[in-house]
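What follows is each chain in one-letter form.
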Amino acid sequence: MNNRIFIVAHAPLAQALKACAMHVYPECAHEVLALDVQADDTPEQSMQAAQQLWAGVPDGDVLVLTDVLGATPANVAQQWARDRKAKIVAGVNLPMLLRSVCYRHESLEALAARAHAGGTQGVMPVGSTAPQNQTGQRHAPSHRDHQQ
């Protein structure tokens, strides 16, 4: 059996991430659930929404992906996961989610590690072929820009 994935994030991030992942893995729509925590919802309302979303879903292992550690979505995710066999990874991004969906058949422990690796490896500086914010000014060869 595959692990389920639960995205809990500030609205509209959770649903947007799920939509992107389902574009790549449409067969996984029932294994990925998403909860957008609205700006004006109380933690209690968000917890109730999480419980309603999971009503009728069979018990099993769950990887919970949330956006900002310490924010309401992460706090709700932690409270929701307390009585379940779940692992939580904060800092969700699309590479993390795609890696998680791809490897959802692995053990929950391995899946959480893959999610973390996918998220961190998916963040990297990208070189540009043309300098940005050019002013059109040319400096003399002896001129040195201040480096921070």
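Below is a summary of the structure that appears in this document. (Residues numbered from 1 in each chain as written. Predicted model: local features only at pLDDT ≥ 70, side-chain atom pairs only at ≥ 80, totals over all residues. Heavy atoms only, no water.)

### Some details on the sheet that holds strand 2 (residues 32-37)
To keep things clear, this is the line we draw: The pairing criterion for strands is at least two bridges between them, as found by DSSP. Secondary structure elements are defined from DSSP: runs of H or I of at least 4 residues count as helices, runs of E of at least 2 residues count as strands, and each element is numbered from the N terminus. Helix axes are fitted to C-alpha atoms over the stretch in contact, other axes to C-alpha atoms as well, and angles between N-to-C directions run from 0 to 180 degrees. Whether two residues are in contact is decided by their heavy atoms, any of which lying within 4.5 Å being enough.
One open sheet holds the four strands; their spatial order is 2-1-3-4, and the pairing between them is parallel. Edge strands, defined here as strands with exactly one partner in the open sheet, are strand 2 and strand 4 (86-90). If you compare each strand with its neighbour and ignore which way they point, the axes differ by 20° on average. Examined bridge by bridge, strand 1 (residues 4-10) and strand 3 (residues 62-66) share five bridges and lie parallel to one another. Opposite Val8, over in strand 3, you have Thr66 as the bridge partner. Contacts from helix 1 (residues 13-24) reach strand 1 and strand 2, with the element oriented near 155° to strand 2. In the packing of helix 2 (residues 43-54) onto the sheet, the strands contacted are strand 1, strand 2 and strand 3, and the crossing angle to strand 2 comes to about 160°.

### Structural notes on the pairing of strand 2
The following threshold applies: Burial here depends on accessible area, computed with a 1.4 Å probe over protein chains only, as a share of the maximum for the residue type. Under 20% is buried, over 50% is exposed, and the range in between is partly exposed. Clockwise travel from the first strand over the helix to the second, with the strands pointing away from the viewer, marks a crossover as right-handed.
In terms of burial, strand 2 is largely enclosed, as six of its six residues are buried. What you see with strand 2 is no split at all: Val32, Ala34 and Asp36 on one side and Leu33, Leu35 and Val37 on the other are buried throughout. In this fold, strand 1 hands off to helix 1, which returns the chain to strand 2; that crossover is right-handed.

### Observations concerning the environment of Gly122
Within the secondary structure, Gly122 sits in the segment after helix 5 (108-121). Linking Gly122 and Leu94, residues 28 residues apart in sequence, is a C-alpha distance of 8.2 Å.

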